[in-house]
Amino acid sequence: MDVKLNVTLLTLGGFAELHKYRYLYFVVIFTLYILILCCNSTIVCLICSHKNLHEPMYIFIAALLINSVLYSMIIYPKLLSDVLSQKQMISYPLCLFQGLSYYTSVGSEFLLLAAMAYDRYVSICKPLQYPVIMNRITIYVCLILAWLIPAFEALMLGVLYSNVKLCSFTLTGIFCNNSVHKLQCVPSVAISIYGVVMLINIALLPMLFILFTYIKILKLSYQRCRDVRKKALKTCLPHLLVLINFSCFIFFDIIIVRLETDISKTLRLILTFELILFHPLLNPIIYGLKMNEISKHLKILLCLVK
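Residues numbered from 1 in each chain as written. Predicted model: local features only at pLDDT ≥ 70, side-chain atom pairs only at ≥ 80, totals over all residues. Heavy atoms only, no water.

Go over the state of the cysteines, please, and point to the residues and values.
A complete count under the given rule lists two disulfides for this structure. Here C95 is linked by a disulfide to C176, with a sulfur-sulfur distance of 1.9 Å. Sign of the S-S torsion, about -120 degrees for the bond between C95 and C176, identifies this disulfide as left-handed. Highlighted residues: C95 in helix α3 (residues 92-125) and C176 in the loop between β3 (170-171) and α6 (189-221), separated in sequence by 81 residues. For the pair C95 and C176, one class covers both residues: buried. The disulfide partner of C167 is C185, and the gap between their sulfur atoms is 1.8 Å. Measuring the twist about the S-S bond at about 100 degrees, one finds the C167-C185 disulfide to be right-handed. Remark: C185 occurs in the loop between β3 and α6 and C167 occurs in the loop between α5 (136-161) and β3; sequence separation between them is 18 residues. For the protein, numbering the cysteines in disulfides from first to last along the sequence yields the connectivity 1-3, 2-4. (Disulfide = S-S within 2.5 Å. Helix = DSSP H or I, 4+ residues; strand = E, 2+ residues; numbered from the N terminus. Buried < 20%, exposed > 50% of the residue type's maximum accessible area, 1.4 Å probe, protein only.)

Please provide a residue-by-residue account of the packing of aromatic side chains, values included.
All chains considered together, the criterion is met by five aromatic pairs. Taking 4.8 Å as the distance between ring centres and 10 degrees as the angle between the ring planes, the aromatic pair formed by Y33 and Y76 counts as stacked. Of the two residues, Y33 sits in helix α1 (residues 18-49) while Y76 sits in helix α2 (residues 56-84), which places them 43 residues apart along the sequence. In terms of burial, Y33 and Y76 fall into one category: buried. Taken together, a centroid distance of 5.6 Å and an interplanar angle of 45 degrees make the contact between Y71 and Y102 tilted. Of this pair, Y71 sits in helix α2 while Y102 sits in helix α3, and the two are 31 residues apart along the sequence. With relative accessibility at 2%, the residue Y71 sits in the buried group. Among the aromatic side chains, those forming a connected cluster through ring pairs are Y71, Y102, Y103 and F175. (Phe/Tyr/Trp six-rings, centres within 6.5 Å; stacked < 30°, edge-to-face > 60°.)

Kindly report on the UniProt feature "transmembrane region" (unreviewed entry) in the protein, identifying the contributing residues and their values.
On the UniProt side, "transmembrane region" (unreviewed entry) is annotated at positions that read residues 23-46, 58-76, 96-118, 139-161, 191-215, 236-257 and 269-289 here. With 100% helix and 0% strand, the stretch residues 58-76 has end C-alpha atoms that lie 27 Å from each other. Helix and strand shares over residues 191-215 are 100% and 0% respectively, and the end C-alpha atoms of the span are 35 Å apart. (UniProt positions renumbered as here; feature names shortened; annotations may be inferred.)

How would you sum up the sheet that holds β3? Please name residues and give values.
Strand order in the open sheet made by the three strands is β2-β1-β3, with mixed pairing throughout. Lying at the two open borders of the sheet, with one neighbouring strand each, are β2 (89-91) and β3. Alignment of strand β1 (residues 9-12) against β2, held across three bridges, turns out to be antiparallel. Directly across from L9, in β2, lies its bridge partner S91. (Pairing = 2+ DSSP bridges.)

Break down the packing of α3 against α6 for me, with residues and values.
In a packed pair of helices, the relevant descriptors are the angle between the two axes and the axis-to-axis distance. It is at 9 Å that the axes of α3 and α6 come closest, and there the two elements cross at 20 degrees. By the criterion of interaxial angle, the relationship of α3 to α6 is roughly parallel. For α3 against α6, the interelement crossing comes out left-handed. Across the contact of α3 with α6, the residue classes tally to 21 nonpolar, two polar and two charged. (Axes fitted to C-alpha atoms, helices over the stretch in contact; angles between N-to-C directions. Parallel < 35°, antiparallel > 145°, perpendicular 65-115°, else oblique. Left-handed = near helix turned anticlockwise from the far one by under 90°. Nonpolar A, V, L, I, M, F, W, Y, C, P; charged D, E, K, R; others polar.)

Go over α2, please, and point to the residues and values.
When the terminal C-alpha atoms of α2 are compared, their 42 Å separation across 29 residues agrees well with the 42 Å that a helix rising 1.5 Å per residue should span. Its axis deflected by about 30 degrees at M73, α2 carries its strongest bend there, up to four residues before the proline P77. Of all 29 residues in α2, 21 are buried; the element is thus mostly enclosed. (Expected span 1.5 Å × (residues − 1). Bend = angle between axes of the 7 residues up to and from the residue.)

Requested: an account of the layout of surface pockets, with residues and values cited.
Space left empty within the atom packing is revealed by a probe, the size of a water molecule, rolled over the atoms. Taken as a whole, the largest pocket holds about 600 Å³ of empty space. In terms of lining, the largest pocket is formed by 27 residues, of which the most central are Y103, L157, N178, G195 and V196. Elements with a minimum of two residues in the lining of the largest pocket: α3, α5, α6 and α7 (226-258). Per element, the largest residue contribution to the lining of the largest pocket is eight residues, and it comes from α6. Taken together, the residues of the lining of the largest pocket break down into 18 nonpolar, six polar and three charged. (1 Å grid on protein atoms, 1.4 Å probe; cavity = no way out; pocket = protein on both sides within 12 Å on 5 of 7 lines; lining within 4 Å. Points joined across faces, edges and corners; volume = space filled by probe spheres on them.)

Residues and numbers for the nonpolar core, please.
By size, the foremost hydrophobic cluster in this structure holds 87 residues, and its most contacted members are I29, I61, Y102, I276 and Y287. Those elements that place two or more of their residues in this core are β1, α1, α2, α3, α5, α6, α7 and α8 (265-290). For this core, the element with the most residues is α3, which contributes 18 residues. (Core = buried A, V, L, I, M, F, W, Y, C linked by side-chain atoms within 4.5 Å.)

Break down α6 for me, citing the residues and quoting the values.
With 33 residues, α6 extends 46 Å from end C-alpha to end C-alpha; this agrees with the ideal 48 Å at 1.5 Å per step. In the structure, α6 departs most strongly from a straight axis at I200, where the bend amounts to approximately 40 degrees. Taken together, the buried positions of α6 are occupied by I191, M198, I202, A203, P206, I210, T213, Y214, I217 and S221. One side-chain oxygen of the residue at the start of α6 lies 3.4 Å from the amide nitrogen of A190, identifying that residue as S188. (Polar contact = N/O pair within 3.5 Å; in protein donor to acceptor, adjacent residues only side chain to side chain.)

As structure tokens, this is what we get:
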């Protein structure tokens, strides 16, 4: 049957025992959503309000935390609405928008982490050239490209998906991700190839760049004095923790879709919750605890609140 895309409704079939645990789901998700907004916003406000934090490293951290808020806003409002609804449904165009926005945010995170790695490389390996290389123009270019490149690539993928015919109308997840690919009547070779290219551009290449950069930093720092090694580890460790954490979550995202027929609905739901609930909350915790300047201002703020 030829289905018109503008009237196509998809069912989100990833919830397990929703009728039993509806309100528990809502309370947990809503609580974490508020925590994500508050924790990320607090550190962003601290960075904006203190002049000693107006450095490239902290500007990139603020951008990363803003991206975490956007990441959450793409998923949480619809998720909370679905938990309280009798039927968990979404229109195909809105599903595409959510999925493409989600992967835009994912790509932006990898590119922002790559920019932060480059900033640390210049700071530690070329300290005398740091003010010249990491000037305002460089920072603005990095920030703009980190959001524009994934958005442009996601837009192109959206154009390819707009002409797809659907023969299945039930997603196995609780939000729209690359599982939409499995709804096609005939798998599109163009979409598959473009998806791989997009994955390489916005995830694999930035990840390889980050790893290469940190290897260079660690190699150079261990050739120098103890203070340089200490500074390198102190400033690079939080970024590496965020990278490892985020890479694991994205790996889960890919695996969940690939193994969707081989794992139980409950396990798939738990893995999905790990992906969307905890990652945006871990970033501000890691930076708040591990970055000395941010931690110091955060302690002052908490003392004032008390």
